Each structure stands twice: as structure tokens, then as C-alpha cells.
Amino acid sequence: MKPLAPRGRLRRPSGPLLDVALVHGLLGWLYVAAWAATRPDTLSGPLTSWLPLRRDTFGAVCFALSALAHLTRGLRPQGPPWRAPRGPDGRPGRPRDRLTAVLRTLVGYPLLLWAYLCVNSLTHPQTIDRQLTHFATVPTEGTAAVGCFAASAVALLALRLRAGDPATAAGGDA
């Protein structure tokens, strides 16, 4: 039986829980993305008859959940939680680099959103000037696509520049 976290402190999510959130969140979003590319006029309909949740809301929540799980996995120390991570020399290893974890998330997830918006611009170009989500009036799909492409490119450049920095390259994070 696992010990409970001290009172007032939240337990960190476990690796298996993060894996499920990352993979199934991404799959849920991909389902909605495929639906949006083929049937954009029905995107605001309910996900199922027994759950009054909009399909596009489900997709946005799944995407955010997957991205958050990816970031959280990148921030966790390597190895089992009951043992301190060790380096190749047997001494305690360094904790994971937070900036690298953020940059890795910013490389992949905006690029996924950009690819989705590219497909949408081909399958139904009339929506490129419409708002991206029903949550806010800005940005439009076109503006979001440009922003996602730029954010991913900048994050990838920063990640690769950090990999060439001897201070960060020694840990093998990048």
C-alpha cells in the first residue's frame, strides 16, 4: 500500500497516469481534428447523446490534457520515484532541466495544431478567418496557424542551441 502524501501537499501524478493522459488525450484530440476536417458544420454538436459535451470542447480539453501530461513527464526526475536518480558514475544525477521540458512541449504541440489548421485550410478554406475556438473571439484560425508555426520554430531553435551549450549538453537532456 502506498503511503499517503503529507497533509496539505498534492501527490505528483504517477508515470502510468501521465502516459494515459498523454496518449489518450492526443487520440481524443485527433478524433475531433479528423471530425473538424471532414464535417466542420457539426463540430459544435454533442459528443454523444448521453454526455452533453460539445465535440470541439472535448477536443480542446484533450489537447490541453495531453500537452500538460507531456510537460509534466518532462519535468519529472528519471527513474522510479522511490529511488533518487543516479548518473553513470553512481553519484546522484541532476534533476531534469525545466526549460528543456518546456521547449520540447513547445516544439511538438504547436506543430500539431499548425498541421491541423493546414488540413482545415485545405478542406474548408472558408473558416480560415473565423475564430479558432468558441472560448474566445481571437485568434482566428489563420493567425493561430502562423503563431503556432513560429512558436514551434523558435522553440526548436532554442532547444538545439541549448544542446550545443556545454553547460546543458553534459546532462544529455536535449
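Provided above is the structure to which this section pertains.
This is a predicted model, so every value here is computed, not measured.

Notes on the packing of helix H1 (residues 15-38) against helix H2 (residues 55-75)
Here H1 crosses H2 at 145°, and the two axes come no closer than 7 Å. In the packing of H1 onto H2, the handedness of the crossing is left-handed. On H2, the residues that touch Leu18, Asp19, Ala21, Leu22, Gly25, Leu26, Gly28, Trp29, Tyr31, Val32 and Trp35 of H1 are Arg55, Asp56, Phe58, Gly59, Cys62, Phe63, Leu65, Ser66, Ala69, His70, Thr72 and Arg73. Of the residues contributing to the contact of H1 with H2, the split by class is 13 nonpolar, six polar and four charged.

Focus: the nonpolar core
If you look at the biggest cluster of nonpolar residues, it comprises 20 residues, and the most contacted ones within it are Trp29, Leu113, Tyr116 and Leu117. Of all the elements in the fold, those that place two or more residues in this core are H1, H2, helix H3 (98-123) and helix H4 (141-163). Sorting elements by how many residues they give to this core places H1 first, with eight residues.

Observations concerning the packing of aromatic side chains
All told, the structure shown has five aromatic pairs when counted by the stated rule. Arranged with centres 5.0 Å apart and planes meeting at 55°, the rings of Trp29 and Phe63 form a pair that is tilted. Highlighted residues: Trp29 in helix H1 and Phe63 in helix H2, separated in sequence by 34 residues. On the basis of relative accessibility, which here comes to 16%, the residue Phe63 falls in the buried class. Between the aromatic rings of Trp29 and Tyr116, the centroid separation amounts to 5.8 Å while the plane-to-plane angle is 70°, which identifies the pairing as edge-to-face. Separated by 87 residues along the polypeptide, Trp29 in helix H1 and Tyr116 in helix H3 bring together distant segments of the chain. Tyr116 matches Trp29 in its accessibility class, with the two residues each being buried. Aromatic rings pair up to connect Trp29, Phe63, Tyr109 and Tyr116 into one cluster. In this arrangement the basic side chain of Arg55 is found over the ring face of Trp35, its NZ or CZ atom lying 3.8 Å from the centre.

What about the environment of Ala101?
Here Ala101 is to be found in helix H3. Residues Ala101 and His70 lie 31 residues apart in sequence; the distance between their C-alpha atoms is 8.4 Å. Not counting chain neighbours up to four residues away, the residues in contact with Ala101 comprise Leu71, Gly74 and Leu75.

Here we look at unusual backbone geometry
A cis amide bond links Val138 with the next residue in sequence, Pro139, at an omega value of 0°. Relative to the elements of secondary structure, Pro139 occurs in the loop between H3 and H4.

Things to note about the pattern of salt bridges
Inspection of the entire model under this criterion finds three salt bridges. The partner of Asp19 in a salt bridge is Arg73, and the shortest N-O contact between them spans 2.7 Å. Highlighted residues: Asp19 in helix H1 and Arg73 in helix H2, separated in sequence by 54 residues. The class of Asp19 is partly exposed, set by a relative accessible area of 33%.

Calculation notes
- Residues numbered from 1 in each chain as written.
- Predicted model: local features only at pLDDT ≥ 70, side-chain atom pairs only at ≥ 80, totals over all residues.
- Heavy atoms only, no water.
- Axes fitted to C-alpha atoms, helices over the stretch in contact; angles between N-to-C directions.
- Helix = DSSP H or I, 4+ residues; strand = E, 2+ residues; numbered from the N terminus.
- Left-handed = near helix turned anticlockwise from the far one by under 90°.
- Contact = heavy atoms within 4.5 Å.
- Nonpolar A, V, L, I, M, F, W, Y, C, P; charged D, E, K, R; others polar.
- Core = buried A, V, L, I, M, F, W, Y, C linked by side-chain atoms within 4.5 Å.
- Buried < 20%, exposed > 50% of the residue type's maximum accessible area, 1.4 Å probe, protein only.
- Phe/Tyr/Trp six-rings, centres within 6.5 Å; stacked < 30°, edge-to-face > 60°.
- Lys NZ or Arg CZ within 6 Å of the ring centre and 35° of its normal.
- Salt bridge = Lys/Arg side-chain N within 4 Å of Asp/Glu carboxyl O.

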